[in-house]
Amino acid sequence: MLVKEAKPKSLWDAKIVRTALIDALVKLHPRTMMRNPVMFVVEIGSVVTSVLLAKDLVRGSGSFGFDLQITLWLWFTVLFANFAEAMAEGRGKAQAETLRRAKSETMANRLLPDGRAETVSGSKLRVGDLVVCCAGEVIPGDGDVVEGVASVDESAITGESAPVIREAGGDRSAVTGGTRVLSDQIKVKISSNPGETFLDRMIALVEGAERQKTPNEIALNILLAGLTIVFLLAVVTLQPFAIYSGSPQTVFVLVSLLVCLIPTTIGGLLSAIGIAGMDRLVQHNVLAMSGRAVEAAGDVDTLLLDKTGTITLGNRQASEFIAAPGVSNDQVADAAQLSSLPDETPEGRSIVVLAKEKYGLRGRDLTAHQAQFVPFTAQTRMSGVNFDGRVIRKGAADAIERYLKENGGYLPKEVQATVETIARSGGTPLVVAENNRALGVIHLKDIVKGGIRERFAQLRAMGIKTVMITGDNPLTAAAIAREAGVDDFLAQATPKDKMDLIKKEQSQGKLVAMTGDGTNDAPALAQADVGVAMNTGTQAAKEAGNMVDLDSNPTKLLEIVEIGKQLLMTRGSLTTFSIANDVAKYFAIIPAMFAGTFPVLNALNIMHLATPQSAVLSAVIFNALIIIALIPLALRGVQYKAMSAAALLRRNLWVYGAGGVIVPFIGIKIIDLIIRALRLA
Amino acid sequence: MTLNGWLQILFYFVVIVLVAKPMGVFMTKVFSRERTWLDPVVRPVERVLYKLTRVDEEREMRWTEYSIAMLLFSGVSMLVLYLLERTQQWLPLNPQKFAAIPQDLAFNTAASFTTNTNWQFYTGEQVMSYLTQMAGLAFHNFASAAVGMALAVAFIRGIARREKDTIGNFWVDMTRATLWVLVPISLVAALALVSQGVIQNFKPYDTVKLVEPQQIQKVGQDGKPVVDASGKPVMDTVTEQTVAQGPIASQEAIKELGTNGGGFMNANSAHPFENPTPFSNFIEMVLIFCIPAGLTYTLGRMTGSQKHGWAVFAAMAVLFFAGVTTAYWAESRGNPLLAGVEQHVSPLQPGGNMEGKEVRFGIANSALFATVTTDASCGAVNGMHDSYTPLGGMVPLVNIMLGEIVFGGVGAGMYGILIFVVLSVFIAGLMVGRTPEYLGKKIESYDVKMAMLYVLIFPLMILVLAAASALLPQGLATLNNNGPHGLSEILYAFTSGTGNNGSAFAGLGPNRWYNLAMGFTMLVGRFLMIVPMLAVAGSLAKKKIVPPSPGTFPVTTPLFTVLLVSVIIIVGALTFFPALSLGPILEHLLMHAGKTF
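This one's a predicted model, so the numbers in the text were calculated from it and none came from an experiment.

A.B. asks: It is not clear to me how the interface of chain A and chain B should be interpreted in this structure. Could you clarify?
C.D. replies: Many authors give the size of an interface as the accessible area that is lost as the parts come together. Residue-level contacts link 63 residues of chain A with 61 residues of chain B. Together, F241(A), Y244(A) and L649(A) form the three largest contributors to the area buried by chain A at its contact with chain B, with a combined 15%. Here chain A and chain B share 1 salt bridge between them. With its nearest N and O atoms 2.7 Å apart, the salt bridge here joins R434(B) to D301(A). Remark: the boundary between chain A and chain B carries 12 residue pairs in polar contact (both at pLDDT 80 or more). Mapped by element, the contributors of at least two residues to the side of chain A that touches chain B are α8 (215–236), α9 (238–244), α12 (291–299), α18 (452–461), α20 (495–507), α23 (556–594) and α25 (645–678) of chain A.

What follows is the structure, given as structure tokens:
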């Protein structure tokens, strides 16, 4: 897969680190820094100490060595935070780079109104233009197939090398610019202007160019800015108190105290966490159209899951033929196989397989018998074959019953009973009829995906309700729901039912996530708080959703929810850690500030730091280094386990709350010992 | 510390636990306008009041209108009190013929009583007429308490309501708080206090002959002892004493019940006419906590999560015990510098540091009273906080710095701790992987912004004004002590003012700077904090309620209690630790090194 290929081998990929180092310097520009109030304060502090340091240099000062080290570490603090952000962006940029290659200039065969084709540059295409793409050509822009069928290599977008079929009409009509036609020829109606294509948006998204702060990030930023002001007050007013006490402090020490107290750890890593969250989604081949959607995924209360493909393996499989009274099983198998031979649907193929394996029926050449295949339509809801005068039909019980009645037949009681038994067990009964007589029933079975039950149990533990959406009748739906362990199901669901369910859940204050691919899913995808469109789906569905799954794997919804939660957890954990850190820093710096005048205050120096200068310096260095140390955690996210909120809170409070109090005591002490050993202060 | 002392403290706490539920249930009914057994008496009065004032009791207000009504009421009633003070010399009920109160002191006092602070830069029995005390100060004792309760209930409604614009009617909430809760309880409590010997009369002051004439140092106009040419202090012989009188019991009850704290006498609840016996002392302490403790039950009841109400109660209880234990321990240890003085407990000695404490209360009940009065925003005192040991005196200071949310002022404590709940939920709520929710309501940037504003104003006022006082000559002019103790006194004054507590560390004389700065900070500490608080209430009321699930952030568990306590301590401690380290902490360490101030 492309994205996996582009994924850096390790967190510290040399190329990304190199770029990030340069970006960290570029980001020192005040206009960039102002977006991050906490780090902006640190930058101002660094500038102030630098100016004073220059004055020191000119006039001479007794503590130049100390002042210089403080100033340098303050700048490092800012740079480390910038580096964290640049690292997160760098990973996205590397992916964007690969995508850009797919965007190379293409030529298009634009159809003129008179039907002739002209060759124009792909960038000249506008919405509504018609282009023709032949085998081997790159599709010049996003659009819908209006004529023809073709196999298309979409690996540039999805990373999946197997070609996919794109055809006019239906839910498989969308094509993406930059993908390659492998066979046949299609006529495409262009649906986006240059610069606005899916590929363009994708590049912008992974690069983080258009990144806007998400609602929760904004709220957290307000909290951090508020805390920064509180600490600014505490430090600024400390000087008058210090003067009153006869122990005025230098600006270097005051700025050090301020920088140590304000939440630089989370302030420095906050945007990196957000970018990395988006990036994790991209690694799962999911594109979120906004950071807001990723956050919403963490908040989801209800998951609407399509049965097929999500809960069950894509297709039902024939497991049994059950004959009507007076008919042999072989007869049923024979008719079922005949009607399914030209049927390319997975169900059709599974019937042929069953007939072969269990009844030894081999495939027959239908063309020789001038067989006529009757495909499934939404109106008849049957398919079948006309073969040597035999009219064979198979379909849902009610469809066949109507068909039989129209032809003077009827559905025997016994067959009806079989149909109900199968339905109640969660299977899908298909009735096979020949001419006007019901031969028997094919038992199609849904195969529930392995491990899905456990996944749902985890979701339940986390308070997320799962609702299975299916077109099946309520009996079948209930049986599968039971087997898969979903909380609820919506049977015989129409797009409107789906929509109503979403609205009902939302009216209770719940957030709803769903997947969809068809055009008729579009309104529901738009209504849902998290709408994941399948990449194979229609353009309309992709426009309506706020995420696109490039693998078109509906089970991905579960991972998306987990990534959303992990993003929020990482933010919360590091915020808690950052604030808890302050306790130790106080015990390092406050005695150091005043022990000169009041030696009794050394009682607060519980870490027994060597000298006041080494104490202040150790706290500042710890404060800077912890940002670097936590970059991997910010980029990977905190460890995620499915458990109840109460259990999660307990665990994270211990790790990041209690840990946040203890770790700096140890860290500052170690740094102090090193400073002592190196005679730096 | 003695077992007897601890048993008294525990007994007090048990009574508070027992009082919480009935008070909570009763207040829920009162503010939900349900029927109570007091209705036959009080309801007709209420109706007449609404008729006279043309209040439509069915009409509810948005948070903005609620704020404006509250500000208007407070502003106008503050002005009335100011005018009353300025014109008392012409008004009746002034047997001592007291003159008008000077402008800046009158402003300070008006601000002080309107904001439920009851900081007193005056000596009540020496400057205030009976009319000013009763119609002015006592009125505000009721009104400011009723305003506080109304605000707390409005906030609780904000949490409990679903997709509503309104949070109640200010006039109705205030009227009902007064008629159903404050007046009846005060009435009963005043009688109980009278039974203990608290006086209630309108007599002019008595003059009595001293049993033994006393020699006291003569004090000059500038407040300093007068010395003769040789530098010896000049002594006066005193043979008579003026004994102040007045309608004290009626004031005393509401002073505690409304967590006002402004004493009729300067000595406040240390004065035998205000607080004559250990039992009256106990009644007064129960009065201070009964409404705030009850409101935690009201919170649970109105939000439909009684467990949450108890979780909040538990957090308050933890902080209460932390405070009282520290204070009791510090005071019992006594002063190491007084090595020759008997400081051990014996049948004839209460032991420990008895300086500034009343013998009839002893160490335990003084430490308990000091903790209770500052846990709540009461500010009544039964001893001199200034004379406590540095750490013992730090307990009241820290209690106020935490925001007086340990049960807290009537109403003010409830909405104060709820702001901390909102912040705790926001900080830790993210750790469960969802947008933080408080009882089903999502905490969003607007709520965080307003909550942070509330949290910010508090240290802003305290630290900036205290820092200014520590530098300005005006700030240092009337300071009686120097060194860290002087700093504690300055800090305590602004903390007490901004926190609307009103208790004093003394040692700080009034002057124009302190009158105005304190008056200003009391007003800001009350009203500028209320407005963002109501904004949060209004915003919460509008939100949907997400039904609880295993994924919901738990606000009912012991873990939540621990979290809430941690957030309160960490936010408070981190803000004030530097200042404290140069005040009481330094003083404590110096004391053990042999130096006092």
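A.B. asks: When you look at the sheet that holds strand β7 (residues 174–175) of chain A in this model, what are you seeing that I'm missing?
C.D. replies: Sheet strands associate in pairs through backbone hydrogen bonding, adopting either a parallel or an antiparallel arrangement. Residues and elements named next belong to chain A. On the basis of which strands lie adjacent, the open sheet formed by 6 strands has the order β2-β1-β3-β9-β4-β7 and antiparallel pairing. Looking at which strands have only one partner, the edges of the open sheet turn out to be β2 (117–121) and β7. Summarising the sheet, strand β4 (residues 143–147) and strand β9 (residues 186–190) pair through 4 bridges and their orientation is antiparallel. When the sheet's bridge partners are listed, D144 is paired in β9 with K189.

A.B. asks: Whenever I open this one, unusual backbone geometry confuses me. Can you help?
C.D. replies: The phi angle of most residues is negative, glycine excepted, and most peptide bonds adopt the trans form. For Q492(A), which is not a glycine, the phi torsion comes out positive at approximately 45°. By secondary structure assignment, the location of Q492(A) is in the loop between β19 (488–490) and α20. Note on Q492(A): relative accessible area 45%, which makes it partly exposed. With phi around 65°, N118(B) is a residue other than glycine that occupies positive phi space. Note that N118(B) resides in the loop between α4 (103–114) and α5 (124–127).

A.B. asks: What's the story with the sheet that holds strand β14 (residues 382–387) of chain A in this structure? I'm lost.
C.D. replies: Residues and elements named next belong to chain A. An order of β12-β17-β16-β15-β14-β13 is seen for the 6 strands of this open sheet, with the pairing classed as antiparallel. Whereas interior strands pair on both sides, the edge strands pair on one side only; in this sheet they are β12 (317–323) and β13 (372–374). Recorded for the sheet is a direction-independent mean angle of 20° between the axes of neighbouring strands.

A.B. asks: What exactly am I supposed to notice about a nonpolar patch on the surface here?
C.D. replies: A contiguous nonpolar surface patch, about 560 Å² in accessible area, is contributed by I662(A), I666(A), I670(A), I674(A), L678(A) and L680(A). Along the polypeptide, I662(A) turns up in helix α25.

A.B. asks: Sorry if this is basic, but what is going on with the pattern of salt bridges here?
C.D. replies: A pair can form between side chains of opposite charge whenever their charged atoms are brought close. Counting across every chain of the model gives 39 salt bridges over all chains. Of the charged contacts, one joins K27(A) and E85(A) as a salt bridge, the two residues approaching to 2.6 Å between their closest N and O atoms. Linking K27(A) in the loop between α2 (14–26) and α3 (30–33) with E85(A) in helix α5 (residues 64–102), this pair joins segments that are 58 residues apart in sequence. Residues K27(A) and E85(A) agree in their burial class; the two are buried. Through salt bridges with shared partners, a single ionic network connects R33(B), R43(B), E46(B), E57(B), E58(B) and R176(B).

A.B. asks: It is not clear to me how the pairing of strand β3 (residues 130–133) of chain A should be interpreted in this structure. Could you clarify?
C.D. replies: Remark: a regular strand shows side chains that alternate across the two faces of the sheet. Residue and element names in this part refer to chain A. Here 2 bridges tie strand β1 (residues 107–111) to β3, and the two strands are oriented antiparallel to one another. Opposite N109, over in β3, you have V132 as the bridge partner. Inspection of the sheet shows β3 paired to β9 by 4 bridges, in the antiparallel sense. Within β9, the residue paired with V131 across the bridge is V188.

A.B. asks: So what exactly am I meant to see when it comes to the side chain of S305(B) here?
C.D. replies: Residues and elements named next belong to chain B. With respect to the element layout, S305 can be found in the loop between α9 (278–303) and α10 (306–333). Here S305 falls in the buried class, since its relative accessible area comes to 12%. When near neighbours in sequence (up to four residues on either side) are disregarded, S305 contacts G300, L439 and T556.

What counts and what doesn't
- Residues numbered from 1 in each chain as written.
- Chains lettered and ligands numbered in written order.
- Predicted model: local features only at pLDDT ≥ 70, side-chain atom pairs only at ≥ 80, totals over all residues.
- Heavy atoms only, no water.
- Contact = heavy atoms within 4.5 Å.
- Buried area = accessible area lost by both parts, 1.4 Å probe.
- Salt bridge = Lys/Arg side-chain N within 4 Å of Asp/Glu carboxyl O.
- Polar contact = N/O pair within 3.5 Å; in protein donor to acceptor, adjacent residues only side chain to side chain.
- Helix = DSSP H or I, 4+ residues; strand = E, 2+ residues; numbered from the N terminus.
- Pairing = 2+ DSSP bridges.
- Buried < 20%, exposed > 50% of the residue type's maximum accessible area, 1.4 Å probe, protein only.
- Axes fitted to C-alpha atoms, helices over the stretch in contact; angles between N-to-C directions.
- Patch = residues over 30% accessible without salt bridge, like charges linked within 9 Å, V, L, I, M, F, W, Y side chains within 5 Å.
- Areas by Shrake-Rupley, 256 points an atom, 1.4 Å probe, with all protein chains shown as cover.

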